[in-house]
Amino acid sequence: METPTKPLSFWERANDWVSRSVTLKLFIVGFLTLALLIPTAFVRELIREREQTRDEAVREVSASWGAAQTLGGPVLTVPYRRSEMDEKGKVLETTAYAHFLPASLTVAGTVTPEQRDRGIYVVMLYRAGLKLSGTFERPDFSKFDVPESAILWQDAFVSMGVTDLRGIQEAVGLTWNGRPVTSNPGTISDDIFASGIHAPVPLDPASTASTIPFTATLQLNGSSELSFLPFGRETRVALTSTWGTPSFNGAFLPYQRTVTPDGFSANWKVLHFNRNYPQAGLGAFIPRSGKPQDAAVVGGVPTDQTGAFGVKLLLPVDEYQKTTRSAKYAGLFIVLTFTAFFFIEILNRRRLHPIQYLLVGFAVCLFYVLLLSISEHLSFQWAYLIGCLAILSLVFFYTKSIFQNGRVTLVFNGILALLYAFFYSLLQLADYSLLLGSLGLLLILAVVMYLTRRVDWYNAYGRAEVSTK
């Protein structure tokens, strides 16, 4: 005689539905995925904080050595008297300045890199030995509404713009028309340069010479970047260095360059047609459109208007940039890990608790913290490998006790290892990362659809046989 089955209570039926509902499990997994975006956001903020700490260390070293330098000029300036009427109708006489850019400008230099350590951070510094030469045309005031009697020829001077004067290591050797002249710190007029040096030069208005030659030698310390302003009617710059990872930036790229692991050489040629200001003008005639916050200001002029160009000495590996790129994939990595966890749960017919999903998700988030901390001391490749091995080992022993099945455990951890390798390849192939990523996701979706094509989703946790053939 069979014992009658006791009917299930409401709470027992509800608990049975909760434990067997695939829809509810998917909702919970989706909620956990969104919840884990919070710690991934904290990881990104931690990366930015460490990067800011690195930048602060760079600024501290640069403060005593020399900042990123931009060299401008020389510029010939001739003062003149200008009469103005104030609001009360009284005539005031002030001093204004006419500026003349060189007819030709050639810069030849050697950049010697130096690396300095500040704690765990590396600061890229350099010493630049620069030689400038060129010619000025005789100043012509005929194009300006300035009477000859107002021109102060005896007060003429040349000026050169230097971003950070602390980087000047020796007296600037300046010759004017074949004669040495004494240079002084600071600028008399801030029409062109906010920071730099100047030197009084003799100008004879009665001279018949059409051009005035000049030369200048400059020993300059700086950090990371060296740039030039194309102030010549024809500006030529030639640089050589023993640094093997340069980045040529600014408004103009070199027309000729050679880069090897042992160093680089680069040559620029810029014509006055390539920029948006003339060879001569009164006052601040170089355009200054744009606010300072919209463009970096060099020598008092936004660099997007002056056409500054040059080279940046890049460190071979920027661990923060690579870690940031890696952390951008954290959300997708969590989704794919939970997807693999969920489908192994379905196919293995072993129900898993949301807490177990959460712990595996925390392990995935912890990987990026390990990657950040280790990459500050080792190369990014080794940091990625060590972080992967640490997380894979942790997840392996945890899932082995969950699944109680060695084959299933190996399958899940193999999938996780493939995901780490897949995302590492995305980091290496910057130009093809989108193509590789989309093809990889298409392949993953195809595999999931194939393995679950015969799953009875209405009875996924039931006792009915599930075929995956």
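First, a word on what this report is: a plain description of the structure on this page. (Residues numbered from 1 in each chain as written. Predicted model: local features only at pLDDT ≥ 70, side-chain atom pairs only at ≥ 80, totals over all residues. Heavy atoms only, no water.)

What to know about the side chain of N413
For clarity, the threshold we go by: Numbering goes from the N terminus for both helices and strands, where a helix is a DSSP run of H or I of at least four residues and a strand is a run of E of at least two. We call a residue buried when its accessible area falls under 20% of the maximum for its residue type, exposed when it is over 50%, and partly exposed in between, using a 1.4 Å probe and counting protein chains only. Two residues qualify as a contact provided that any one of their heavy atoms is within 4.5 Å of a heavy atom in the partner residue.
Tracing the chain through its elements places N413 in helix 8 (residues 406–428). For N413, a relative accessible area of 8% gives the class buried. Apart from the residues lying within four places of it in its own chain, the contact partners of N413 are L392, V395, F396 and T399.

Things to note about the pairing of strand 12 (residues 234–241)
To keep things clear, this is the line we draw: The pairing criterion is simple: DSSP has to find at least two bridges between the two strands.
Alternating positions in strand 12 separate cleanly, T235, V237, L239 and S241 being buried on one face and E234, R236, A238 and T240 remaining unburied on the opposite face. Here strand 12 runs beside strand 15 (residues 263–271); their pairing, made up of 8 bridges, is antiparallel. Looking at strand 15, one finds that T240 is bridged to S265.

Looking at the packing of helix 4 (residues 319–327) against helix 7 (residues 380–403)
Quick note on the threshold: Working convention: axes come from line fits to C-alpha atoms, limited for helices to the stretch in contact. Angles between N-to-C directions cover 0 to 180 degrees. An angle below 35 degrees is treated as roughly parallel, one above 145 as roughly antiparallel, one from 65 to 115 as roughly perpendicular, and anything else as oblique. Residues are sorted three ways: Asp, Glu, Lys and Arg are charged, Ala, Val, Leu, Ile, Met, Phe, Trp, Tyr, Cys and Pro are nonpolar, and all the rest, Gly among them, are polar.
Viewed as axis vectors pointing N to C, helix 4 and helix 7 meet at an angle of 40 degrees, and their least axial separation amounts to 10 Å. The orientation of helix 4 with respect to helix 7, classified from their angle, is oblique. Residue-level contacts link E319, K322, T323 and S326 of helix 4 to F380, Q381 and Y384 of helix 7. The class makeup of the residues in the contact of helix 4 with helix 7 is 2 nonpolar, 3 polar and 2 charged.

Focus on the packing of aromatic side chains
The description of two aromatic rings rests on the distance between their centres and on the angle between their planes. As a reminder, the rule being used: Only centres within 6.5 Å qualify two rings of Phe, Tyr or Trp (six-membered ring in Trp) as a pair; their planes then separate them into stacked at under 30 degrees, edge-to-face at over 60, and tilted for everything else.
Under the definition given, this model contains 25 aromatic pairs. Taking 6.2 Å as the distance between ring centres and 80 degrees as the angle between the ring planes, the aromatic pair formed by F141 and F144 counts as edge-to-face. With relative accessibility at 15%, the residue F144 sits in the buried group. Between the aromatic rings of Y384 and Y420, the centroid separation amounts to 6.5 Å while the plane-to-plane angle is 85 degrees, which identifies the pairing as edge-to-face. Here Y384 is found in helix 7, whereas its partner Y420 is found in helix 8, with 36 residues between them in sequence. Summarising the burial analysis for this pair, Y384 and Y420 share the class buried. Three or more aromatic residues joined by ring pairs form one cluster here, namely F333, F367, Y368, F380, Y384, Y420, F422, F423 and Y424.

Details of the pattern of salt bridges
Keep this limit in mind: Each reported salt bridge corresponds to a side-chain nitrogen of Lys or Arg within 4 Å of a carboxyl oxygen of Asp or Glu.
Applying the stated criterion across every chain, the model contains 5 salt bridges. The partner of D164 in a salt bridge is R166, with the nearest N and O atoms 2.9 Å apart. When its relative accessible area of 7% is taken as the criterion, D164 is described as buried.

Considering the side chain of E114
Rules: Two N or O atoms form a polar contact when they lie within 3.5 Å of each other; inside protein one atom must be a possible hydrogen donor and the other a possible acceptor, and for residues adjacent in sequence the pair counts only when both atoms belong to side chains.
Structurally, E114 is set in strand 3 (residues 104–118). A polar side-chain atom of E114 sits 2.5 Å from a polar atom in the side chain of R127. If we skip the residues at most four places from it in the chain, E114 touches W65, V123, M124, L125, Y126 and R127.

So, the nonpolar core
So the rule is basically this: We call a set of buried Ala, Val, Leu, Ile, Met, Phe, Trp, Tyr and Cys residues a nonpolar core when their side-chain atoms join them within 4.5 Å.
With 54 residues, the main nonpolar core has L130, F141, W176, F228 and L239 as its most contacted residues. Of the residues forming this core, the biggest block, 6 residues, is contributed by strand 4 (residues 121–137). Ignoring sequence-local partners within four residues, the contact set of F141 consists of V78, A98, F100, V146, I151 and W153. Grouped together as the second largest cluster of nonpolar side chains are 49 residues, L372, A383, I391 and F423 included.

Notes on the packing of helix 7 against helix 8
The axes of two packed helices give the description: the angle between them and the distance between them. Short version of the rule: Left-handed is the label given to a crossing in which the near helix is rotated counterclockwise from the far helix by less than a right angle, and right-handed is the label when the rotation is clockwise.
At a minimum axis separation of 9 Å, helix 7 and helix 8 run at an interaxial angle of 160 degrees. The orientation of helix 7 relative to helix 8 falls into the category roughly antiparallel. Crossing geometry of helix 7 relative to helix 8 is assigned as right-handed. On helix 8, the residues touching F380, Q381, Y384, C388, I391, L392, V395, F396, T399, K400 and F403 of helix 7 are V408, T409, L410, F412, N413, L416, A417, Y420, F423, Y424 and L427.

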